[in-house]
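Reading the structure
These are the residues of each chain, in order.
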Number of protein chains: 2
Amino acid sequence: MMDKNNYIYGKNSVVEALLQNSKRINKILIAKNTSNDAKINEIIKLAKQNGIVFTFVPKEKFQEFSQYPHQGVLASVSPVEYTDFYDFLSQKSENYKKVIILDGVEDTHNVGAIIRTAACAGYDALILPSRRNAQINSTVEKTSAGAVNHLPIIQVNSLSNVIDKLKDNDYWIIAADAHGKENYFDIDYTNMNFALIMGGEETGVSKNNLKKSDFVVKIPMLRDFNSLNVSNAAAAIIYESVRQMIQSQNHSV
Amino acid sequence: MMDKNNYIYGKNSVVEALLQNSKRINKILIAKNTSNDAKINEIIKLAKQNGIVFTFVPKEKFQEFSQYPHQGVLASVSPVEYTDFYDFLSQKSENYKKVIILDGVEDTHNVGAIIRTAACAGYDALILPSRRNAQINSTVEKTSAGAVNHLPIIQVNSLSNVIDKLKDNDYWIIAADAHGKENYFDIDYTNMNFALIMGGEETGVSKNNLKKSDFVVKIPMLRDFNSLNVSNAAAAIIYESVRQMIQSQNHSV
């Protein structure tokens, strides 16, 4: 469902947003019947320059906005500025870095809840792809209880490339999957940079990303029933890493 | 918001539900202007006999049901049969019993998610009060992914009395509270029957129940920000008890 607070509409407004505020743009939708004029070409050029996804969609998608002068162009915008992945990578830190990656989490309430938990747990960033995952919008902001403003959020076009880059930069990749080999509490989170990948409720972590993972962990089920909600699964694993970190610090004093 | 799937309406239907299906009734609402006839008296008598809460409410509450012949009487019903608290207490078990208690959790999505997590974690029951807490309805059932059918659910009129009874029966009471003394992972969940109390997002565990608790535990916050969503907090604690149980079993082999 489209909420107009999450969109900027009209050719000039979208050009302006691309020039002034590109770090808040999730993606750009262009109606298929829109005439390919100079402004549309400029929008496409700016989107490419800024690595922002643009999609041509059937004009029916624009019906909810018929009362606004959208001119066949919408930019889906985030309430927060995204952090650049390479800026994040280059930031020095005294401690190991902890990142959470969403891979196909489509429910905005779950995305918001995971951001909230990751913020509380002192994680360093959350990474999400610009396709096949819920984007950061006003519902996510609300469900996160404002945590979107406390945790750096990185939107990327290719999770696969980003995972490769993380590995090149001494991050261990941990995927959570129902068919994981080890229980999530049997690995040591304390002595490494790591990125934890949570997959969509129906689809799980994508095969390609599972293959790239150094660990595939599961949450043990003590009743023969289904699985956890993805935000609850994330909470169990994220806070296990917190437990290990706090208890290992106490023991080493 | 009232969803008619969660209600039975009309004097005869409510009497019938009380006689045949009282273990699925959350509470009964009677419009204040309803004439006090024999059927209403029977409803009140049966509700009292079965320990079911009934409330007299302004007739405006019934406006959403104006198209149904409600006759000023509604029974809010659960999609599952509640388990009797004393039946549960008397059931023998080879293992220690693990119970979760909700104390003022008003959001149905959170209630559903907590039930799902408790079911996956092999908990033995969930207890919730018949007032000042979301009741089990079709939204809870859906959010629990059907887990309401896998975990015994106990509805009680007085949490305070139930906590006393649990203590009399060798349960330790653990309350989760932002001002707790100990981190939730610093207590041992493996060698006792216990009941974990989760409070409402705004209100927390009620003072009276905090006082009765043997442990008040907190979830450490690593960023100066707010707190966890209650279902995520529950997931962290519930799965910490699972971790301890599984790891202590492995070590003792």
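**Comments concerning the overall build of chain A**
Helices and strands together make up the secondary structure of chain A, namely eight helices and eleven strands. Relative to the globule expectation of 18 Å for 253 residues, the C-alpha radius of gyration of chain A, 20 Å, shows essentially globular dimensions. If one aligns the C-alpha atoms of chain A with their principal axes, the spans along those axes are about 65 × 45 × 35 Å. In chain A, buried positions account for 43% of the 253 residues. Within chain A, residue pairs in contact and separated by at least 24 positions form 84% of the contacts whose partners lie at least 6 positions apart.

**Topic: the sheet that holds strand 11 (residues 215-218) of chain A**
All names here are of chain A. Spatially, the seven strands line up as an open sheet ordered 7-6-5-10-8-11-9, and their pairing is parallel. The open sheet is flanked by strand 7 (153-156) and strand 9 (182-183), the only strands paired with a single partner. As judged from the five bridges shared by strand 8 (residues 171-176) and strand 10 (residues 193-199), these two strands associate in the parallel manner. Along strand 10, the bridge assignment pairs Ile174 with Leu196. Sheet strands in contact with helix 4 (residues 108-120) are strand 5 (98-103), strand 6 (125-129) and strand 10, and its direction is about 175° off that of strand 5. Contacts from helix 6 (residues 159-168) reach strand 5, strand 6, strand 7, strand 8 and strand 10 within the one sheet, and its direction differs from that of strand 8 by about 135°.

**Focus on the domain arrangement of chain A**
Accessible area lost when the parts come together is the quantity often used to give the size of an interface. By the assigned domains, chain A splits into domain 1 (4-77) and domain 2 (85-252). Looking at the side of domain 1 of chain A that touches domain 2 of chain A residue by residue, the class counts come to one nonpolar, five polar and one charged.

**Here we look at unusual backbone geometry**
Residue and element names in this part refer to chain A. The residue Ala145 is not glycine, and still its phi comes out positive at about 55°. Here Ala145 lies in the loop between helix 5 (138-143) and strand 7. Phi is positive for Asp170, close to 70°, though the residue is something other than glycine. The topology assignment puts Asp170 in the loop between helix 6 and strand 8.

**Remarks on the environment of B:Ser78**
Residue and element names in this part refer to chain B. Relative to the helices and strands, Ser78 is located in the loop between strand 4 (73-77) and helix 3 (85-90). By the C-beta count within 10 Å, which is 21 here, Ser78 ends up buried. Sequence separation of Ser78 and Val140 is 62 residues, and the distance between their C-alpha atoms is 9.4 Å.

**A word on the interface of chain B and chain A**
Facing the 31 residues of chain B at the interface are 31 residues of chain A. For the side of chain B that touches chain A, the secondary-structure elements that each account for two or more residues are helix 4 (108-120) and helix 8 (230-252) of chain B. It is helix 8 of chain B that contributes the most residues to the side of chain B that touches chain A, nine residues altogether. Across the side of chain B that touches chain A, the residue classes break down as 18 nonpolar, nine polar and four charged.

**Looking at the sheet that holds strand 3 (residues 54-57) of chain A**
Residues and elements named next belong to chain A. Ordered in space as 1-4-2-3, the four strands form an open sheet in which the pairing is mixed. What marks the edges here is a single partner per strand, and that holds for strand 1 (7-9) and strand 3. When the angles between neighbouring strand axes are averaged without regard to direction, this sheet yields 25°. Where strand 2 (residues 25-31) meets strand 4 (residues 73-77), five bridges bridge the pair, whose relative direction is antiparallel. Its bridge partner being in strand 4, Ile30 is matched across the sheet by Val73. Strands in contact with helix 2 (residues 38-49) are strand 2, strand 3 and strand 4; relative to strand 2, the strand with the most contacts, it is inclined by about 150°.

**Remarks on the confidence of the model for chain A**
Any residue range with low pLDDT should be treated as having predicted coordinates unsuitable for detailed reading. Summing up the model confidence of chain A, the mean pLDDT is 93 and the portion of residues at 70 or higher is 98%. Per the prediction output, this complex has pTM 0.91; the corresponding ipTM is 0.90.

**Some remarks on helix 6 (residues 159-168) of chain B**
Residues and elements named next belong to chain B. All of the buried residues in helix 6 are Leu159, Val162, Ile163 and Leu166. Seen from one end, helix 6 has its buried residues packed into an arc of 100°, which puts them on one side. Turned more than 90 degrees from where helix 6 packs its buried face, Asn161 and Asp168 sit exposed. Asp170 occupies a position one or two residues after helix 6 and carries a positive phi of about 70°.

**Concerning the environment of B:Glu141**
Residue and element names in this part refer to chain B. Mapped onto the fold, Glu141 is located in helix 5 (residues 138-143). A C-alpha to C-alpha distance of 6.3 Å links Glu141 and Gly112, two positions 29 residues apart in sequence. Excluding residues that lie within four positions of it along the chain, Glu141 makes contacts with Pro79, Gly146 and Val148.

**A closer look at the relation of the copies chain B and chain A**
The transform that puts chain B on chain A rotates by 180° and translates by 0.0 Å along the axis, for an RMSD of 0.0 Å. Here the two chains are linked by the operation of a two-fold rotation axis. Taking C-alpha positions as the reference, the residue of chain B nearest the rotation axis is B:Ala236, at 2.2 Å. When the interface residues of chain B are mapped onto chain A, 100% of them are again interface residues, pointing to one common binding face.

**With respect to the packing of helix 1 (residues 11-20) of chain B against helix 2 (residues 38-49) of chain B**
All names here are of chain B. With their axes 10 Å apart at the nearest point, helix 1 and helix 2 run at an angle of 25° to one another. Our classification of the angle between helix 1 and helix 2 gives roughly parallel. Between helix 1 and helix 2 lies a crossing whose hand is left-handed. Contacts between helix 1 and helix 2 involve Lys11, Val14, Val15, Leu18 and Leu19 from the former and Lys39, Ile40, Glu42, Ile43, Leu46 and Ala47 from the latter.

**Describing the nonpolar core**
Judged by nonpolar contacts, the single largest core of 120 residues is most densely connected at A:Met198 and B:Met198. Leaving out residues up to four positions away in the same chain, B:Met198 has contacts with B:Ile100, B:Leu102, B:Asp103, B:Val105, B:Ile114, B:Ala176, B:Val230, B:Ala233 and B:Ala234. Counting residues in each nonpolar core, the second largest holds 16 residues, with A:Ile43, A:Ala47, A:Ile52 and A:Val77 among its members.

How each quantity is defined
Residues numbered from 1 in each chain as written. Chains lettered and ligands numbered in written order. Predicted model: local features only at pLDDT ≥ 70, side-chain atom pairs only at ≥ 80, totals over all residues. Helix = DSSP H or I, 4+ residues; strand = E, 2+ residues; numbered from the N terminus. Rg over C-alpha atoms; globule rule 2.2 N^0.38 Å. Buried ≥ 20, exposed ≤ 12 C-beta atoms within 10 Å, placed from the backbone. Contact = placed C-beta atoms within 7 Å. Pairing = 2+ DSSP bridges. Axes fitted to C-alpha atoms, helices over the stretch in contact; angles between N-to-C directions. Domains from an automatic or database assignment. Nonpolar A, V, L, I, M, F, W, Y, C, P; charged D, E, K, R; others polar. pLDDT = per-residue confidence, 0-100. Arc of directions from axis to C-beta. Least-squares fit on C-alpha atoms with pLDDT ≥ 70 in both. Parallel < 35°, antiparallel > 145°, perpendicular 65-115°, else oblique. Left-handed = near helix turned anticlockwise from the far one by under 90°. Core = buried A, V, L, I, M, F, W, Y, C linked by C-beta atoms within 7 Å.

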